[in-house]
Amino acid sequence: MGDAVRVRRGVFPTDSLVTGTASLDVLLETASARVRRAPSIRDEIVRYDVVISGYPRSGNSFLAEVLKSANQCIEVGERQHSPLVAPLASSLAIPIVIPIREPIATISSWVLFKGASWSTSNLKRYFHSYARWHQFVRKYRDSETSVVVSFSEFTAKPSGVLALPLIREVVQPIRMDSSPEEILVRLREKEVTERGSSFANTASVPVADRTQNQEQLRARLGDAQVVEAVGAANEQYELLYAEVDSHP
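Just so it is clear, the model here is predicted, and its values are computed rather than measured. (Residues numbered from 1 in each chain as written. Predicted model: local features only at pLDDT ≥ 70, side-chain atom pairs only at ≥ 80, totals over all residues. Heavy atoms only, no water.)

## Concerning the nonpolar core
As a reminder of what qualifies: Residues belong to one nonpolar core when they are buried, are Ala, Val, Leu, Ile, Met, Phe, Trp, Tyr or Cys, and are joined through side-chain atoms within 4.5 Å. Classification of residues uses two cut-offs on accessible area relative to the type maximum, computed with a 1.4 Å probe and protein chains only: under 20% is buried, over 50% is exposed, and between them is partly exposed. Runs of H or I in DSSP of at least four residues are treated as helices and runs of E of at least two as strands, each being numbered from the N terminus.
Counting 41 residues, the largest nonpolar core has Y126 and F127 as the members making the most contacts within it. For this core, the elements supplying multiple residues, two or more each, are α2 (22-36), α3 (41-45), α5 (85-92), β3 (96-100), α6 (103-114), α7 (120-140) and α14 (224-241). The element best represented in this core is α7, accounting for eight residues.

## Some words on the packing of aromatic side chains
We count it as follows: Between rings of Phe, Tyr and Trp, where Trp is taken as its six-membered ring, a pair exists when centres lie within 6.5 Å; planes separated by under 30 degrees are stacked, by over 60 edge-to-face, and by other angles tilted. Throughout this description, the term charge over a ring refers to an Arg CZ or Lys NZ atom that lies within 6 Å of the ring centre and within 35 degrees of the ring normal.
Counted under the stated rule, the structure contains eight aromatic pairs. Pairing W110 with F113 gives two aromatic rings, centres 5.8 Å apart and planes at 20°, and the pair type is stacked. You can see W110 and its partner F113 sitting in helix α6, three residues apart, about one turn around the helix. Judged by relative accessible area, W110 falls into the buried class, the value being 5%. An aromatic cluster is defined as three or more aromatic residues linked by ring pairs; in this entry it consists of F12, W110 and F113. Positioned above the aromatic ring of F151 is the side chain of R101, whose terminal nitrogen or guanidinium carbon lies 4.2 Å from the ring centre.

## Re α14
Rules: Helix span, as expected, comes to 1.5 Å for every residue beyond the first. Starting at the helix axis, one direction is taken to each C-beta atom, and the arc is that of these directions.
In this model, α14 (18 residues) spans 25 Å end to end at C-alpha, consistent with the 26 Å of a helix rising 1.5 Å per residue. Buried residues of α14: V226, A229, V230, A233, Q236, Y237 and L240, and no others. For α14, the angular spread of buried residues about the axis comes to 125°, placing them on one side. Away from the buried face of α14 by more than 90 degrees, exposed residues A224 and E228 are located.

## Points about the packing of α6 against α7
Convention followed: To get an axis, a line is fitted to the C-alpha atoms, and for a helix only the part in contact is used. The angle between two axes follows their N-to-C directions and goes from 0 to 180 degrees. Roughly parallel here means an angle under 35 degrees, roughly antiparallel means over 145, roughly perpendicular means 65 to 115, and every remaining angle is called oblique. A clockwise turn of the near helix away from the far one marks a right-handed crossing, whereas an anticlockwise turn of less than a right angle marks a left-handed crossing. Residue contacts follow a heavy-atom distance rule, with two residues in contact if any of their heavy atoms lie within 4.5 Å. Residue classes follow a fixed rule: Ala, Val, Leu, Ile, Met, Phe, Trp, Tyr, Cys and Pro count as nonpolar, while Asp, Glu, Lys and Arg count as charged, and any other residue, Gly among them, counts as polar.
In contact at an axis separation of 10 Å, α6 and α7 are set at 125° when each is read in the N-to-C sense. Considering their axes alone, α6 and α7 lie oblique with respect to each other. Considering only the axes of α6 and α7, their crossing is right-handed. Every residue of α7 that contacts α6 at P103, I104, T106, I107, W110, V111 and K114 is listed here: L123, Y126, F127 and Y130. Across the contact of α6 with α7, the residue classes tally to nine nonpolar, one polar and one charged.

## Considering the sheet that holds strand β1 (residues 50-52)
As a reminder of what qualifies: For two strands to be treated as a pair, DSSP must find at least two bridges joining them.
Taken together, four strands build an open sheet; the order of strands is β2-β1-β3-β4 and the sheet is parallel. Strands at the two margins of the open sheet, each flanked by one partner only, are β2 (76-77) and β4 (146-150). Note: β1 against β3, two bridges, orientation parallel. Counted as the bridge partner of I52 is V97 from β3. Sheet contacts for helix α4 (residues 60-70): β1, β2, β3 and β4; angle to β1, the most-contacted strand, approximately 155°.

Here it is in structure tokens:
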């Protein structure tokens, strides 16, 4: 049984999706956390006023900084990438903001960030993970307590996302005039301090060497053996993108 479960688990952050049914996977994750004597996802998110929960490399840190800059008194949960956040937040009535970014940009950035293999089989696994994450979140998110926001929109105009009704109600923004450049400068300063010598490899902000490698990897994603997986990921992205709460 243990081997079967491991085979069915995907790469992070979809490694928590064993069955694909929210109630069962939440139960399994909670039990696993107890065994590991670690906080469960439920334990993590109940501490916050609002939670940012997107697939990795979808602008999670940028978006969290936008909200925190608008009102320093609110508690923002960030780096909560598990798709299980969606059903848990729904059941607990915790507001969540779900940033989404198109699959090729997301996965090329994520693979480089992880230092993962560029093999065909591995790239297909990552796109499968992306598709499964978006499909699950779309199925289980509560439209009353969550908003879906587009990477291209909020990174171009941070103030726009603060005008969305749910975010405005929860964050109660005091400052709404931060520019994209200001947000990136603040993130870079924080991460240089926090990560020290590992900044170049682990920073969430754009890094020159990684940006150059990303172009090479994107060309690799045009291979015929990867195209089908990319297409499946893009289909799920488009379905969730249709639910984006556009800026006023």
